[in-house]
Amino acid sequence: RGCGNRVCIVSKCDRVGGNTSTAERIRYGRSRCRDCRGYLECRHVAAGEYTTEHQFALRLAECGCQSVIGVHALHGGRVLVDCPVPYAIILGGTDVNSPMASDQTEIMAAAVRSARVVVAFTAAMQRRAVVRWPSAADRIVVIPQAVGPLPVMPSRRGALQALLPPGARPDKTFVLPAGIRPVKDVLFLASAVAAWHETDPDVYLLIYGPVLDEAFGALVRQEVARYSGVLLVGAQEYPDSLAIMHAAAAVVNTSISEGMSGALLEAMALGVPVLARRIEGNEAIVQHGRTGFLFGSPDEFVSLASQLLDGTVDRAVIVSSALEYVQRSHNPDAERAAYLSVARMLLDPAPS
């Protein structure tokens, strides 16, 4: 309505997940962008609603979309093979970092081959993508994820305390927000934290998020029951998640692979320390000892977390540096401008 140019954003549309968050942030950013008004309208659809590329093409014709932005080369790319309109692909992380079955590799290669633009969150992800799809090298651009001011609602400030045993201290609780699936490796610290809890009963690790892999979720529930000091709860509403992170001693990431962790960026924006596993995606946003901490083993995590709790490191300096970093390098206005440029590239006539 009132717009001649429509862009369809297609993602896996999990209940909670990084791909869905990326798609919704872009759609919302377009609605807030003054330069887009009267020029660009975005619609977010779920890739899983379409079993064939033909069904998706019919949907595009029905809604009058002139271009598509797909999130994840496999999940979004699956319906983009032979797409009748120009499209871009935003890489998710596992599509670049994780081994895939041969049929999945073929789908991603076909989707990337015809994409007019491919977006990576970091230079490291861009390099990996070039190795995987060398013919797309000149079409792969870097657009970091953005995070804006994140107010914590006063009515939600007790969200973390409500999830802990009576008498437990939020300021000695480390929280690990993640969709429960193997790549998040949420049990990586369980044994070490349980041993720490035995010597300091105030220390807890709280894991929360939706179960995205039922078999792995059952394993996690079984294993967590064995460890004192380790708690597992389900998905939390977004305002509660922000309040939980804000009240915690630190936000933790244990992933085996990450594109760019939205939870870490949110924690930095909230003024909460982050401790992240030393992997390429986390190293791209966490500068060890300056904007947060990186650990390679459970023992190293315990050592760093202990220093954070006992004041050996200056928490105020760390969170101040992290906030300055996200404001400078993950600015929503810059992200909106970058994706507006991508949308214009898609709507422009194809080069001859």
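Residues numbered from 1 in each chain as written. Predicted model: local features only at pLDDT ≥ 70, side-chain atom pairs only at ≥ 80, totals over all residues. Heavy atoms only, no water.

A. Fine view of the pattern of salt bridges. This structure, assessed with the given rule, holds 13 salt bridges. In this structure, the salt-bridge partner of Arg278 is Glu300, at a minimum N-O distance of 3.8 Å. On the criterion of sequence distance, the pair formed by Arg278 in the loop between β11 (274–277) and α11 (280–283) and Glu300 in helix α12 (residues 298–310) is long-range, its members being 22 residues apart. The exposure class assigned to Arg278 is partly exposed, which follows from its relative accessible area of 38%. (Salt bridge = Lys/Arg side-chain N within 4 Å of Asp/Glu carboxyl O. Helix = DSSP H or I, 4+ residues; strand = E, 2+ residues; numbered from the N terminus. Buried < 20%, exposed > 50% of the residue type's maximum accessible area, 1.4 Å probe, protein only.)

B. Focus on the sheet that holds strand β9 (residues 230–233). Spatially, 6 strands are ordered β9-β8-β7-β10-β11-β12 in an open sheet, and the strand pairing comes out parallel. In this open sheet, the two strands that pair with only one neighbour each are β9 and β12 (293–295). The mean inter-strand angle of the sheet, taken between neighbouring strand axes irrespective of direction, is 25 degrees. Direction of pairing for strand β8 (residues 204–208) relative to β9: parallel, over a ladder of 4 bridges. Counted as the bridge partner of Leu206 is Leu231 from β9. (Pairing = 2+ DSSP bridges. Axes fitted to C-alpha atoms, helices over the stretch in contact; angles between N-to-C directions.)

C. Representation of unusual backbone geometry in the model. The residue His72 is not glycine, and still its phi comes out positive at about 85 degrees. Checked against the element boundaries, His72 lands in the loop between β3 (67–71) and β4 (87–90).

D. Looking closely at the packing of aromatic side chains. Tallied over the full model, the rule gives 4 aromatic pairs. With 6.4 Å between their ring centres and 15 degrees between their planes, Phe188 and Phe295 make a pair best called stacked. One end of the pair, Phe188, is in the loop between β7 (173–177) and α7 (190–199); the other, Phe295, is in strand β12, with 107 residues separating them in the sequence. For the ring pair Phe295 and Phe301, a centre distance of 5.3 Å and an interplane angle of 70 degrees mean the geometry is edge-to-face. Classification of Phe295 as buried rests on a relative accessible area of 0%. Overall, Phe301 belongs to the buried group, its relative accessible area being 0%. Chaining the aromatic ring pairs together yields one cluster made of Phe174, Phe188, Trp196, Phe295 and Phe301. A cation over a ring is seen here: Arg226 above Tyr227, with NZ or CZ 5.1 Å from the ring centre. The ring of Phe188 carries the charged tip of Arg277 above its face, separated from the ring centre by 3.6 Å. (Phe/Tyr/Trp six-rings, centres within 6.5 Å; stacked < 30°, edge-to-face > 60°. Lys NZ or Arg CZ within 6 Å of the ring centre and 35° of its normal.)

Honestly, that's just the spatial picture; any functional story needs more than this.
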